[in-house]
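Summary of the model geometry
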Amino acid sequence: MLRIIDSPIGPLLLTADADGLSRIDFGVLRLGYTEASKVHGEVTSAENGGINKRSAAILDATHEQLAEYFAGCRREFELPLNPAPTTEFRAQIHAQLDTIGYGMVSSYGELAAAVGRPTASRAVGSACGANPLPIIRPCHRVLRSDGSLGGYAGGLDIKRFLLALEEN
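Criteria and cut-off values
- Residues numbered from 1 in each chain as written.
- Predicted model: local features only at pLDDT ≥ 70, side-chain atom pairs only at ≥ 80, totals over all residues.
- Heavy atoms only, no water.
- UniProt positions renumbered as here; feature names shortened; annotations may be inferred.
- 1 Å grid on protein atoms, 1.4 Å probe; cavity = no way out; pocket = protein on both sides within 12 Å on 5 of 7 lines; lining within 4 Å.
- Points joined across faces, edges and corners; volume = space filled by probe spheres on them.
- Nonpolar A, V, L, I, M, F, W, Y, C, P; charged D, E, K, R; others polar.
- Contact = heavy atoms within 4.5 Å.
- Buried < 20%, exposed > 50% of the residue type's maximum accessible area, 1.4 Å probe, protein only.
- Helix = DSSP H or I, 4+ residues; strand = E, 2+ residues; numbered from the N terminus.
- Pairing = 2+ DSSP bridges.

Going by an unreviewed UniProt entry, the protein carries the name Methylated-DNA--protein-cysteine methyltransferase and comes from Corynebacterium macginleyi. The heading Function (unreviewed entry) in the UniProt record of the protein holds the text "Involved in the cellular defense against the biological effects of O6-methylguanine (O6-MeG) and O4-methylthymine (O4-MeT) in DNA. Repairs the methylated nucleobase in DNA by stoichiometrically transferring the methyl group to a cysteine residue in the enzyme. This is a suicide reaction: the enzyme is irreversibly inactivated." Word for word, the UniProt comment on the protein under Sequence similarities (unreviewed entry) is "Belongs to the MGMT family."

In structure tokens form, the structure reads like this:
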């Protein structure tokens, strides 16, 4: 099930199934979803056969917790997650993202070292770029070793916004 929500960083496309939240996408309009395809915030597809109560509840909880996060009232997310399978290395990096606390930052090199691949900082950047659950798994908290921003799937303006939100 898909749902488009509004946020301070623009519309977000949330994807969930009965097992958990599987994806958050920035730039919904770039993905080909238009206002006309929204039905009370939900987009259904032939693949899922319509609305599923469990996935709807997960999307409701995600929407609520993201709103709390953007309001400065939530520092951790409590959601069932069910991202698509990925490589072992990317899965290790995505798990490491969960260890970077609210308002904290890490570097690509530090994450590489944490998974036993100290020379793989570029691969860490690629894994962060492929993170299907940005914000929930906070890849915005990963910087270059010199403290500069590096990249971000949502764009550097969104990365700056999220980091500034967590400074307060």
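One number sums up the size of the largest pocket: a volume of about 240 Å³. Taken together, 15 residues make up the lining of the largest pocket; nearest its centre are Arg75, Glu76, Phe77, Asp98 and Ile136. Each residue belonging to the lining of the largest pocket can be placed in one class, and the counts come to nine nonpolar, one polar and five charged.

This next bit is on the UniProt feature "active site" (unreviewed entry) in the protein. In the UniProt entry, the feature "active site" (unreviewed entry) is given for Cys139. Among residues more than four places away in sequence, those in contact with Cys139 are Leu97, Cys128, Asn131, Pro134, Tyr152 and Lys159.

Our next topic: the pairing of strand 2 (residues 12–17). For a regular strand, side-chain orientation follows a simple rule: the groups alternate between the two sheet faces. Summarising burial for strand 2: five of the six residues are buried, a large majority. Where strand 1 (residues 2–5) and strand 2 come together, four bridges link them in antiparallel fashion. The partner of Leu2 across the bridge, within strand 2, is Thr15. Between strand 1 and strand 2, which pair antiparallel and follow one another directly, the connecting turn spans six residues, one of which, Gly10, has a positive phi of 105 degrees. Counted between consecutive antiparallel strands, the loop separating strand 2 from strand 3 (residues 20–25) contains two residues.

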